[in-house]
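Letter by letter, the chains look like this.
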Amino acid sequence: KATVSVLYWVGLMGILNHTGRWCVLLCLATGANAAGGVKLWQLGADVDANPITVFTMFTFTVMLTIIIETIKHKTEHNTHDVHRKMALGAIYSELMMVGVVSFMLILAAELGITDITVKKPGCHPTDSTGNSTGSGSATAGSAGSGSGDPCIIGFNLLMFEYAHLVLFFMGITYGIFIQVSFWQRDRMVRQIHEIQMHTLSETCGFAYAAPSLFSIVGLCDSPGWARCLLTLRAAIVLNLQKQIKNVCRAEETRIEVALAVMKGEASPPMRASPENSLEAFDLSRFAHVAIAEVLVELLHVPPVVWLAIVLMSATNLIRALGLPLPITVLFFAFLGPLLATSLLFRMAKQLQEIVVRAVGHPDIGKYEFHYALGTKDAFVIPQNIAHDGLMWAAGEDDPWHTLDGCCDDDSMFNALDPNDPGSLEVQLQVVVFACCFFVGQI
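Residues numbered from 1 in each chain as written. Predicted model: local features only at pLDDT ≥ 70, side-chain atom pairs only at ≥ 80, totals over all residues. Heavy atoms only, no water.

**Remarks on the packing of helix H5 (residues 82–111) against helix H6 (residues 157–195)**
At a minimum axis separation of 11 Å, H5 and H6 run at an interaxial angle of 180°. Overall, the two elements H5 and H6 adopt an arrangement that is roughly antiparallel. Its residues assigned to classes, the contact of H5 with H6 comprises 15 nonpolar, 6 polar and 4 charged. (Axes fitted to C-alpha atoms, helices over the stretch in contact; angles between N-to-C directions. Helix = DSSP H or I, 4+ residues; strand = E, 2+ residues; numbered from the N terminus. Parallel < 35°, antiparallel > 145°, perpendicular 65-115°, else oblique. Nonpolar A, V, L, I, M, F, W, Y, C, P; charged D, E, K, R; others polar.)

**As for the pattern of salt bridges**
In a structure, side chains of opposite charge can pair up when their charged atoms sit close to one another. Taken as a whole and assessed by the stated rule, the structure comprises 5 salt bridges. The partner of glutamate 76 in a salt bridge is lysine 72, and the shortest N-O contact between them spans 3.3 Å. With glutamate 76 and lysine 72 both in helix H4 (residues 51–77) and 4 residues apart, this pair spans about one turn of that helix. Residue glutamate 76 is classed as partly exposed on the basis of its relative accessible area, which comes to 31%. A salt bridge links arginine 271 to glutamate 256, with the shortest nitrogen-to-oxygen separation between them at 2.9 Å. (Salt bridge = Lys/Arg side-chain N within 4 Å of Asp/Glu carboxyl O. Buried < 20%, exposed > 50% of the residue type's maximum accessible area, 1.4 Å probe, protein only.)

**Remarks on a negative patch on the surface**
There is a patch of like negative charges on the surface, built from Glu396, Asp397, Asp404, Asp408, Asp409 and Asp410. Position of aspartate 409 among the secondary structure elements: in the loop between helix H15 (383–393) and helix H16 (421–441). Given a relative accessible area of 52%, aspartate 409 falls into the exposed group. (Patch = residues over 30% accessible without salt bridge, like charges linked within 9 Å, V, L, I, M, F, W, Y side chains within 5 Å. Areas by Shrake-Rupley, 256 points an atom, 1.4 Å probe, with all protein chains shown as cover. Lys, Arg positive; Asp, Glu negative; His and termini not counted. Charge placed at Lys NZ, Arg CZ, Asp CG, Glu CD.)

**Overview of empty space enclosed by the protein**
The gaps of empty space that remain are located by a probe, the size of a water molecule, rolled over the atoms. A full pass over the atoms with the stated rule returns 5 cavities of 30 Å³ or more. There is about 150 Å³ of room inside the largest cavity. Lining of the largest cavity is provided by 13 residues; of these, Glu94, Gly171, Tyr174, Trp306 and Phe433 occupy positions nearest its centre. Contributing elements (two or more residues each) for the lining of the largest cavity: H5 and H6. Broken down by element, the lining of the largest cavity gets its largest block of residues, 5 residues, from H6. Of the residues that constitute the lining of the largest cavity, the class distribution is 10 nonpolar, 2 polar and 1 charged. (1 Å grid on protein atoms, 1.4 Å probe; cavity = no way out; pocket = protein on both sides within 12 Å on 5 of 7 lines; lining within 4 Å. Points joined across faces, edges and corners; volume = space filled by probe spheres on them.)

Shown next, in the form of structure tokens:
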């Protein structure tokens, strides 16, 4: 009671800073064994006997912190894109969470909270002699449960550090993926800007081939890619023409200018008049913002994606069958690329379906980009392809109506819906996390 009263009084007085927390908690803790068998809260004698080593460690830690902080500051200073800055902030927060989890679990181990052991079902002590093909707790059992019995599963500090480092490297790989995706966005935006400088009638051979994996990323089949993008731009303009005209009204511009002045930001650029807004719609600028928002949103990982990481880590259980762990990791490392290939193929197929359903609209070539060079002649679309576009012009469903999904949005299986754009974001995260997890593990 006296100890609790003292701690409560110190907390109320605000004296319990970071150093105080460590001193009080570590002195009161029962302690967990470190890798060398020494309890962390019993290191006082070593610290007292090795002042030069302690000073060197503090100096090394501070210098490393300064280097990382300098790199971080320089990166932020040279980053001018608003969405890239948001992505950097999200990456910092995710990596910080990994550090917080590590700190809390090590602290829990020092306080003895993690001293929970479970006996493997069907395992007998007589089977444990000379058997090292289990889960690996026998080789480092002294760092966790302390029993050294392979039949006992408990918190293992060394294995925790392994899992922690895998997740940390996974986060680093994920951050690199996001940055590379921003570079690819800039490349794609430049390509879209060049493509929309041509008219749709110039690119119309309309050979509707089967969907290709590479057609959606623009690595080959440039004529088909150009036709697809120009048709997509025309379909967006036709489907959102009322909203585009409303955004270009003078009242909307004045409101945005006033908001920018209040926030101390730069005024938005001038827009075309509502009469000329459809021809002035720039698909490259639209893609520049839309792709960036998706990439930033991908950094906010929902719990279902973290649960997918648990399923991926279950591949380590195959080690119990006698298969070497490196072979197991390399074998399952192909899971991510296979999922990515399937997802890209499905996205290419959906994009082609939208284009095919939209190209038959009578006004599909009416609102070409105002800087487009070339003829704007009408082109003939085969009747079997033009049917959906004609029905859309007559007031039927737009080309995107089949992407509403086949599962209810409130369903627990909605994340598996192949036709829901919202679920597509979760599926992208799972695919990218699968690749990054196995890269981190390797």
